[in-house]
Amino acid sequence: VLSIYKEVMDEFGDYMGGEKSWWRKTHHKELPNTLVAYFSAEFGLHETLQTYSGGLGVLAGDHLKSSSDIGIPMVAVGLLYRDGYFQQYIDQNGQQQAKYQRQTWEELPVQPALDTDGEEALISVDLPGRKVFAKVWLVNVGRVPIYMLDTDLPENQAEDRRLTARLYGGDQEMRIQQEILLGIGGMRALRKVGRTPTLFHMNEGHSAFLSIERLREYILNDGLEFIQATEVIRSSSVFTTHTPVPAGHDRFPLAMMDKYFRGIYEGMQLTRTDFMNFGLEPMPDGQQLFSMTFLAIHFASMINGVSELHGQVSRHMMEPVWRDVPVDEIPIGHVTNGVHTGTWMSFDMQNLFDKYAGKNWRDNIRDPKMWEKFVKSVPDEELWGTMHELKDALVRFVHDRLRAQHLRFGELPDQLDELDRVLDKDTLTIGFARRFATYKRATLILRDSERLASIINNPDRPVQIIFAGKAHPADRPGQEFIRQIVDYSRKPEFRNRIVYIENYDMNIGRRMTAGVDLWLNNPRRPLEASGTSGMKVPLNGGLNCSILDGWWPEAIRTNPLIGWALGSEKLDYDSEELQDAEDAEHFYRTLEKEIAPLFYDRDKKGIPTRWLERAKESMKTCGPMFCTDRMVSEYAERFYMRGTKRHEELAANGYKEALVYAQRKEDWKRNWGKIQVHAEVLTPMPAGSEGYSMKVNEEIEVRAQVEFGEVDPTDTTVEIYLENLHKAEGAPAHYSRITMTPDGTEQRGSRVWHIYKGSIAMKESGEHGFTVRVIPNDPTLFTTHELGLVRWAN
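What counts, and where the lines are drawn
Residues numbered from 1 in each chain as written. Predicted model: local features only at pLDDT ≥ 70, side-chain atom pairs only at ≥ 80, totals over all residues. Heavy atoms only, no water. Helix = DSSP H or I, 4+ residues; strand = E, 2+ residues; numbered from the N terminus. Rg over C-alpha atoms; globule rule 2.2 N^0.38 Å. Buried < 20%, exposed > 50% of the residue type's maximum accessible area, 1.4 Å probe, protein only. Contact = heavy atoms within 4.5 Å. Core = buried A, V, L, I, M, F, W, Y, C linked by side-chain atoms within 4.5 Å. Polar contact = N/O pair within 3.5 Å; in protein donor to acceptor, adjacent residues only side chain to side chain. Phe/Tyr/Trp six-rings, centres within 6.5 Å; stacked < 30°, edge-to-face > 60°. Lys NZ or Arg CZ within 6 Å of the ring centre and 35° of its normal. Pairing = 2+ DSSP bridges. Axes fitted to C-alpha atoms, helices over the stretch in contact; angles between N-to-C directions. Salt bridge = Lys/Arg side-chain N within 4 Å of Asp/Glu carboxyl O. Expected span 1.5 Å × (residues − 1). Parallel < 35°, antiparallel > 145°, perpendicular 65-115°, else oblique. Left-handed = near helix turned anticlockwise from the far one by under 90°. Nonpolar A, V, L, I, M, F, W, Y, C, P; charged D, E, K, R; others polar. Disulfide = S-S within 2.5 Å.

Caption draft 1: Highlighting the overall build of the protein. The number of helices and strands found in the protein is 24 helices and 29 strands. Relative to the globule expectation of 28 Å for 794 residues, the C-alpha radius of gyration of the protein, 29 Å, shows essentially globular dimensions. Dimensions of the protein, computed from C-alpha atoms along their principal axes, come out at roughly 100 × 75 × 55 Å. Sorting the 794 residues of the protein into buried and exposed places 57% on the buried side. Long-range contacts, defined as pairs at least 24 residues apart, comprise 73% of the intrachain contacts of the protein with a sequence gap of at least 6.

Encoded structure:
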């Protein structure tokens, strides 16, 4: 026993040392002082610590786990909710009931954080008319510490002690107070414990007030000028947006912002207008609100969505921020989400990988060759046997949960025994588990109950469906979806074939994604930013059937054999009713004609070999592509390293470089509107034509005249912007940028006009449009359109 203990502790010691990690091997020497601060309103680490509600929190937890695994130097900041997120119970009428369970820190992996003097860390933030104190707690996620704030202290008033009581609880007043605590208090917590990050990553807009605190520190403590401090903050900030649903973005009335921030902006000697412009968002009804998303964007040079499609949708949503920039060039990219393999691959499947993928497979999760080795080596009999055992365990788990639920209803023993007939381990099992937000359309498959009943009760190819998920306590429509599903599960034609499991959490999520055969995802496209639950299923041999939303278009485009795609790639429908009808019909047809026949097609040994072929394709495609090891290393190489380097450059010589660069940008912004651009086409237009009818690759000569005013021509690029005007619906623009070459100058009175020439040739047939524009040209800009400066030809 002692030898095993020593072996485990030695292995853990090597892990915590991090000398063999990816970061230590590849980037530590180049950037030895890197420290990323990751801020999030929720962290899903394990079901025992109720600091998460759904996908955003679980993603944050997986982000930290992989950051630890691959060695990213990181600290995290969050709030420690005493009552956590609500516990869900379904009553006899199928209604969701919410109860809160007080967490006791002494029983959890939570310990007081110590300040630089070795004392328990305590910070404070100012709210109107009072000071609120927060204790700093420490949760270690491998090598990554999370500093979590708790206001449930005797020093605080009763209302302030409730600030960290519940996740996403209370009204708008409570929300702004929580976000002040997270952003401003979180920054103060880092200072208190002696952490000095080089880069800040805002996971959604909840923590965006941290930039206000950084601005205050730079101006009041370090003596930086406003534009200088802003430049330093922007260079070292990453903002990840997670929702394409407008209601998911926090906004506050300007009067409320005055109430909480007047003292702060006046203390920095900023005008009210300057401060409000950080996050001012005009609304369709004419009112103006302060947007946390706009605030985060204002202070971040690196911005991303969480899937390719979500990046595209986010660019459309943020058009008001970059008014002169074509939507497809708005500087919001994407880093597609992933999941932490060690958390979401079952132990049974991990044991199978130990046997067939090599002892170091956990160090090579991003490597497609490792996954290829496994699927080629593992016998179908063993893979199917493991998958069957996982489903059997899920069925038994469901029975136990249903028994506990029905005992609460006071049912008799013989009634409870009937629950053991719910579900069958040999039946095709579909899983649907997630937040019950209405756009996720949990009830879509119930649209035609007769059709569904005929499919799931097919004597030769039966189907069963397991549902789980919580609706926010204030979301009545989402709760109605739950009631409808529970009601259907009690109907004779669906009894034992449809089941709803209450109190969805990470434990249920692990069991379901490990035990189902097929994962169903049918959100209303394009409202699913990413969706990570389906990424967990291939790790355990399951397949996906999903609307072409979030991560799924990238996955199935890479390998069409990994599952089934539902619906079309349209972004707009004539009506939601039409969209629902088309998507439901597509699902019924796919399940009945493709999925079920494939699952029940067995060889002489009773093994569904063709199903397993797809399962293996899904494993080797999704495993390396949608893991957080890949995701976090992508953040590191695209954002963390670049931001850290830029921060070091701007901080040199007492931030003098930051001031020079900030003044340069201010000069651009002040003088850019004075640039004049005229363009003409030198190639003659066919007589009587309103446009050019050209052959593919036939050239058109273009000449531009530019008067730069106070802007240095060498700081610009003059180019022809060419776009295909008939792209497919929802597809990115097909555009080209052709740099024009200088061709002398012309003096006209006191003004100097610079002449440029260029040519274009259509590379594809169709109707095209083109014009000339001037854009900044500076390699120190994070993106060409960082400043939103474009001057188009008149």
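Caption draft 2: Looking closely at the nonpolar core. Core analysis: the largest hydrophobic core is formed by 105 residues, its most contacted members being Phe-209 and Phe-261. Counting residues per element, this core draws most heavily on helix 5 (residues 172–192), at nine residues. Discounting residues that sit within four places of it in the chain, Phe-209 has contacts with Ile-176, Glu-179, Ile-180, Gly-183, Ile-184, Phe-252, Met-257, Phe-261, Phe-290, Met-292 and Leu-295. In this structure, Leu-352, Tyr-356, Val-378 and Ala-453 belong to the second largest nonpolar core, which totals 79 residues.

Caption draft 3: Representation of the environment of Asn-559 in the model. Structurally, Asn-559 can be placed in the loop between helix 21 (552–558) and strand 21 (563–566). Remark: the alpha-carbon pair of Asn-559 and Val-245, spanning 314 residues in sequence, is separated by 29 Å. In contact with Asn-559, other than residues within four places in its own chain, are Glu-617 and Thr-621. Reaching out from Asn-559, the side chain makes a polar contact with the side chain of Glu-617 at a distance of 2.8 Å.

Caption draft 4: Inspection of the packing of aromatic side chains at higher detail. Counted under the stated rule, the structure contains 33 aromatic pairs. Residues Phe-353 and Trp-361 carry aromatic rings whose centres are separated by 5.0 Å and whose planes lie at 45 degrees to one another, so their mutual orientation is tilted. In this structure, Phe-353 and Trp-361 share a single accessibility class: buried. A network of ring pairs unites the aromatic residues Phe-209, Phe-226, Phe-261, Tyr-265, Phe-275, Phe-278, Phe-290 and Phe-299 as a single cluster. When the ring centre of Phe-599 is taken as origin, the NZ or CZ atom of Arg-602, which lies over that ring, is 4.8 Å away.

Caption draft 5: Quick peek at the sheet that holds strand 28 (residues 768–776). Strand order in the open sheet formed by four strands is 25-24-28-29, with antiparallel pairing between adjacent strands. This sheet does not close on itself; its edge strands, each paired only once, are strand 25 (734–739) and strand 29 (791–792).

Caption draft 6: How the structure looks around the sheet that holds strand 27 (residues 751–761). Strand order in this open sheet of four strands is 22-23-27-26, and the pairing throughout is antiparallel. In this open sheet, the two edge strands, each paired with only one partner strand, are strand 22 (676–681) and strand 26 (741–748). Sheet twist, expressed as the average angle between the axes of neighbouring strands with direction ignored, equals 25 degrees.

Caption draft 7: Region of interest: the side chain of Ser-207. By the element assignment, Ser-207 lies in the loop between strand 9 (199–203) and helix 6 (210–221). Judged by relative accessible area, which is 1%, Ser-207 ranks as buried. When residues no more than four places from it in sequence are discounted, the contact partners of Ser-207 are Phe-39, Leu-182, Gly-183 and Met-202.

Caption draft 8: Spotlight on the pattern of salt bridges. Inspection of the entire model under this criterion finds 66 salt bridges. In this structure, the salt-bridge partner of Lys-616 is Asp-380, at a minimum N-O distance of 2.8 Å. Separated by 236 residues along the polypeptide, Lys-616 in helix 23 (residues 609–625) and Asp-380 in helix 15 (residues 380–408) bring together distant segments of the chain. Looking at Lys-616, the relative accessible area reads 15%, which means it is buried. Residue classification places Asp-380 among the partly exposed positions, given a relative accessible area of 23%. For the salt bridge of Glu-666 with Lys-669, the shortest nitrogen-to-oxygen distance reads 3.0 Å. Of the two residues, Glu-666 and Lys-669 are both situated in helix 24 (residues 628–671); the distance of three residues between them amounts to about one turn of the helix.

Caption draft 9: Just helix 18 (residues 476–489), in detail. Here helix 18 is 14 residues long and its end C-alpha atoms lie 20 Å apart, about the 20 Å a rise of 1.5 Å per residue gives. Along helix 18, the residues classified as buried are Gly-478, Gln-479, Phe-481, Ile-482, Ile-485, Val-486, Tyr-488 and Ser-489. The elements touched by buried residues of helix 18 are strand 3 (87–90), strand 4 (96–99), helix 17 (449–456), strand 17 (463–468) and strand 18 (498–501). The N-capping residue of helix 18, defined by a side-chain oxygen 3.0 Å from the backbone nitrogen of Gly-478, is Asp-475.

Caption draft 10: Representation of the packing of helix 14 (residues 368–377) against helix 23. The N-to-C vectors of helix 14 and helix 23 enclose an angle of 160 degrees; their axes lie 8 Å apart at closest approach. Put simply, helix 14 runs roughly antiparallel to helix 23. Two packed elements cross with a definite hand, and for helix 14 against helix 23 that hand is right-handed. Contacts from Pro-368, Trp-371, Glu-372, Phe-374 and Val-375 of helix 14 reach helix 23 at Lys-616, Met-619, Lys-620, Gly-623 and Pro-624. Here the residues of the contact of helix 14 with helix 23 sort into six nonpolar, one polar and three charged.

Caption draft 11: Just the side chain of Arg-82, in detail. Along the polypeptide, Arg-82 turns up in the loop between strand 2 (74–79) and strand 3. Overall, the relative accessible area of 12% leaves Arg-82 in the buried class. Not counting residues within four places of it along the chain, the set of residues in contact with Arg-82 comprises Gln-101, Arg-102, Gln-103, Thr-104, Trp-105, Asp-150, Asp-152, Thr-164 and Ala-165.

Caption draft 12: Quick peek at the state of the cysteines. Overall, the coordinates contain zero disulfides when judged by the stated rule. As a non-bridged cysteine, Cys-627 has Cys-622 as the owner of its nearest cysteine sulfur, 11 Å distant.

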